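The residues making up each chain are set out below.
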Amino acid sequence: AKSRGGNCYQFYTEEMNQKVNSRLTLENELRRAVKNQEFELYYQPQVSTFDNRLLGAEALIRWIHPSAGIVSPADFIPIAEETGLIREIGDWALLEACKKFSEWNNTFALDMTISVNVSVRQLDDAFVLRTQEILNISQLDAKYLELEITESLLLDNVQENLRILDNINKLGVRFAMDDFGTGYSSLSYLKQFPISKLKIDRAFINEINNDPEDEAIVRAIIALAKTLRLELVAEGVENHQQLALLQALACDSYQGYYFSKPVPADVFRQRYLEQKPP
Ligand code: C2E
Ligand code: CA
Ligand code: CA
Ligand code: CA
């Protein structure tokens, strides 16, 4: 019983307990974060590939943890989705983004859109009503709002998700397909679903200058978007070579660290709205 094996077993059990514990801790902390409103939205510009004109802003959530500092959404959105907390967090993010954009729009009369990420777990009939309510509260014209969704909405309840998206679309809100190119091979859903924009996943942009296959895929997505009259955004543009190639391929707009990282609301306002060139 005092063998090494026993100690090993003990060791692994404790490690596993710790995992379960930290998972539970995270879940509880997330509940507290919802209650105490520990979240903040950062905004990343979407700009024209040709003249860097501001076309939109994507709202990206951050958790300002009281002791751990800024926590990335990649580390808590999956848990929020599993626990259902994503509904409350998502409602908060949508309301906050609409209120902020409405405030900016009242001051600057903007010709751009505000994009908010929506998890498939948020999609139900209550969310349709909530979206309408949020547009009312924030006094935002629906035409400014774009919701970013992923192909995971094709995994389950496709007909129901389609109906919900159509109902939101009837409010005047548009949809962008996020991370495009990484998911399904069947593209027929592009015809069925009310999608007006494709966001080319940054996995294809990353090595676009060195990998002919990535370039070929991006060319194909651009051709597809033009044929179906969809708008396009290339994600994750980090350097001038990538931008130059996207210009050559006639991809209209991009988002990425090369132009700007996501920044807090006041920085976005100061840097991209107040400093507009004459
Ligand atoms: P996403 O929607 O694909 O967002 C783009 C991610 O790429 C963001 O990460 C952004 O900061 C990052 N990014 C932008 N430009 C570059 C670049 O040039 N290089 C690199 N390496 N990365 C770049 P972030 O903010 O950490 O968000 C991660 C993911 O978390 C998002 O991916 C989205 O799926 C999710 N997320 C963020 N906010 C929300 C939200 O409010 N609701 C939901 N449901 N999901 C959210
Ligand atoms: Ca997104
Ligand atoms: Ca994306
Ligand atoms: Ca992504």
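A brief structural summary.

Definitions and cut-offs
- Residues numbered from 1 in each chain as written.
- Chains lettered and ligands numbered in written order.
- Predicted model: local features only at pLDDT ≥ 70, side-chain atom pairs only at ≥ 80, totals over all residues.
- Heavy atoms only, no water.
- Helix = DSSP H or I, 4+ residues; strand = E, 2+ residues; numbered from the N terminus.
- Buried < 20%, exposed > 50% of the residue type's maximum accessible area, 1.4 Å probe, protein only.
- Lys, Arg positive; Asp, Glu negative; His and termini not counted.
- Salt bridge = Lys/Arg side-chain N within 4 Å of Asp/Glu carboxyl O.
- Contact = heavy atoms within 4.5 Å.
- Axes fitted to C-alpha atoms, helices over the stretch in contact; angles between N-to-C directions.
- Parallel < 35°, antiparallel > 145°, perpendicular 65-115°, else oblique.
- Left-handed = near helix turned anticlockwise from the far one by under 90°.
- Nonpolar A, V, L, I, M, F, W, Y, C, P; charged D, E, K, R; others polar.
- Donors = N, O, S within 2.8 Å, 3.2 Å for Na, K, Ca; no water.

**Structural notes on the side chain of R62**
Part 1: Along the chain, R62 turns up in strand β2 (residues 54-65).
Part 2: Notably, R62 is buried but unbridged: the nearest opposite-charge side chain belongs to E40, and the N-O separation is 8.7 Å.
Part 3: Once you skip the residues sitting within four places of it in the chain, R62 turns out to touch E38, F39, E40, Y42, I70, V71, P73, F76 and P262.

**Comments concerning the packing of helix α4 (residues 125-138) against helix α5 (residues 158-170)**
Part 1: Running from N to C, α4 and α5 point in directions that differ by 15°, and their axes come no closer than 9 Å. One element, α4, and the other, α5, form an angle in the roughly parallel class. The crossing of α4 and α5 is right-handed. Touching D125, F127, V128 and T131 of α4 are R163, I164, N167 and I168, all from α5.
Part 2: Taken together, the residues that form the contact of α4 with α5 break down as 4 nonpolar, 2 polar and 2 charged.

**Structural notes on the coordination of the calcium ion (ligand 4)**
Part 1: Distances from the calcium ion (ligand 4) to its protein donors, D179 (OD) and D179 (OD), fall at 2.9 to 3.1 Å.
Part 2: Between the calcium ion (ligand 4) and the calcium ion (ligand 3), the interatomic distance is 3.7 Å, and D179 donates to each metal, bridging them.
Part 3: Following the sequence through the fold, D179 ends up in strand β6 (residues 174-180).

**Here we look at unusual backbone geometry**
Part 1: Look at A109: it is not a glycine, yet its phi comes out positive at around 45°.
Part 2: By the element assignment, A109 lies in the loop between α3 (86-108) and β4 (113-117).
Part 3: In this model, Q139 sits at a positive phi of 55°, which is unusual for a non-glycine residue.
Part 4: Inspection of the secondary structure puts Q139 in the loop between α4 and β5 (145-149).

So yeah, pure geometry; function would need other evidence.
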